[in-house]
Amino acid sequence: MGLLTSTAFQLSPSVQPRAFVVMGTLAHSDVDDDLLYQMLVALRSAMKSADESDTHCVVSMLNCICNVVPSLPESSRYIGTLFWFAVALLQSSHAPFYTSANELLCACIETLHSQGAFEGRGFTATLLEARSCLEDIHMQLDQILRLNFDSDFSFSLAAPIFKGIRRPPFRESAIKTLRCLLTTTVATMDISSPGTDATVQRDILGYFIALLSVSTDTQSYQQLLQEAHV
């Protein structure tokens, strides 16, 4: 790992992307905020120099970060921020980053859930709190896209993800991410046993409606109802 990190953080168009791929495979222990910070600095530099015809270095770094997120300690200050970074990438609608952004988003919320971060305040409130330090940047994106996470969190989050459903190469990634959001939100809510009169909870309505459009047979529709705890 020492040799690998010293290689990965040196600017080299041919070597650096490969080093990050290997790091994402090996770095599943002793991962801390210092190492992640170095990855983010390298990612920032790669994004500044990348162009639309050559994004493989940025994508390899994103995939590496996705892989190391589950190994971060509970005290990490970056997981919530990385979630909103993934949202910003999805809002940018840049196709080469779409799948990696979805994977990063899921990795962040699954890690936060496994660490118990949503206990007490809940899913939406916890993530909005993590966004507070990035409010100025995200407000600009929200105004451009006409989104409002404060009033319609699930719809605002589902909207940029849903765009992938319309494009066959990204359809599976979009469905997987929406289902991850729905099931994680449900798991953090205090919902009694489902009954015949159960309704879809407000906090998952955006994900539910997005997934409803692809639940076109009896089996997939029943699966959606079960995952929504209806």
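Residues numbered from 1 in each chain as written. Predicted model: local features only at pLDDT ≥ 70, side-chain atom pairs only at ≥ 80, totals over all residues. Heavy atoms only, no water.

Engineer: Would you mind going over the pattern of salt bridges with me for this structure?
Structural biologist: Pairing between side chains of opposite charge can happen when their charged atoms approach one another. Evaluation of the coordinates by the stated rule reveals three salt bridges. Notably, a salt bridge pairs Glu129 with Arg121, separated by 2.5 Å at the nearest N-O pair. Among the residues examined, Glu129 registers a relative accessible area of 46% and is labelled partly exposed. Across the pair Glu227 and Arg179 runs a salt bridge, and its minimum N-O distance is 2.7 Å. (Salt bridge = Lys/Arg side-chain N within 4 Å of Asp/Glu carboxyl O. Buried < 20%, exposed > 50% of the residue type's maximum accessible area, 1.4 Å probe, protein only.)

Engineer: Sorry if this is basic, but what is going on with the nonpolar core here?
Structural biologist: Buried together is how nonpolar side chains tend to be arranged in soluble globular proteins. One finds Leu105 and Tyr207 to be the most contacted residues of the largest nonpolar core, which totals 71 residues. A per-element tally of this core places helix H6 (residues 95-114) first, with 10 residues. Those residues in contact with Leu105 that sit more than four places away from it in its chain are Phe83, Ala86, Val87, Leu90, Leu157, Ile161, Thr177 and Leu181. (Core = buried A, V, L, I, M, F, W, Y, C linked by side-chain atoms within 4.5 Å. Helix = DSSP H or I, 4+ residues; strand = E, 2+ residues; numbered from the N terminus. Contact = heavy atoms within 4.5 Å.)

Engineer: Sorry if this is basic, but what is going on with the layout of surface pockets here?
Structural biologist: A probe as big as a water molecule, rolled over the atoms, marks out the empty space that is left. Counted as a void, the largest pocket has a volume near 560 Å³. For the largest pocket, the lining is made up of 17 residues, of which Leu40, Thr81, Leu82, Phe85 and Leu134 are closest to its centre. The set of elements that each furnish at least two residues to the lining of the largest pocket consists of helix H3 (33-49), helix H5 (79-92) and helix H8 (135-145). Of the residues in the lining of the largest pocket, the class split is 13 nonpolar, three polar and one charged. (1 Å grid on protein atoms, 1.4 Å probe; cavity = no way out; pocket = protein on both sides within 12 Å on 5 of 7 lines; lining within 4 Å. Points joined across faces, edges and corners; volume = space filled by probe spheres on them. Nonpolar A, V, L, I, M, F, W, Y, C, P; charged D, E, K, R; others polar.)

Engineer: Would you mind going over the packing of aromatic side chains with me for this structure?
Structural biologist: Remark: the centre distance and the inter-plane angle together describe each pair of aromatic rings, the angle taken between the planes. For the coordinates displayed, the defined rule picks out eight aromatic pairs. With centroids separated by 5.2 Å and ring planes inclined at 85 degrees, the aromatic side chains of Trp84 and Phe149 adopt a geometry described as edge-to-face. With a gap of 65 residues between them, Trp84 in helix H5 and Phe149 in the loop between H8 and helix H9 (153-162) connect regions that are remote in the sequence. Note on accessibility: Trp84 and Phe149 belong to one class, buried. Centre to centre, the rings of Trp84 and Phe153 are 6.2 Å apart; their planes meet at 85 degrees, and the pair counts as edge-to-face. Within this pair, whereas Trp84 is found in helix H5, its partner Phe153 is found in helix H9, the two being separated by 69 residues in sequence. Overall, the relative accessible area of 0% leaves Trp84 in the buried class. For Phe153, a relative accessible area of 6% puts it in the buried group. One aromatic cluster is present, formed by Phe83, Trp84, Phe118, Phe123, Phe149 and Phe153 through successive ring pairs. Positioned above the aromatic ring of Trp84 is the side chain of Arg131, whose terminal nitrogen or guanidinium carbon lies 5.1 Å from the ring centre. (Phe/Tyr/Trp six-rings, centres within 6.5 Å; stacked < 30°, edge-to-face > 60°. Lys NZ or Arg CZ within 6 Å of the ring centre and 35° of its normal.)

Engineer: What is the right way to look at the environment of Ala159 in this model?
Structural biologist: By the element assignment, Ala159 lies in helix H9. Looking at Ala159, the relative accessible area reads 34%, which means it is partly exposed.

Engineer: Looking at this structure, how should I read the side chain of Thr184?
Structural biologist: Secondary-structure assignment places Thr184 in helix H10 (residues 168-187). Using a relative accessible area of 7% as the deciding quantity, one classes Thr184 as buried. Residues in contact with Thr184, not counting those within four places in the same chain, are Ile109, His113, Phe118 and Phe123.

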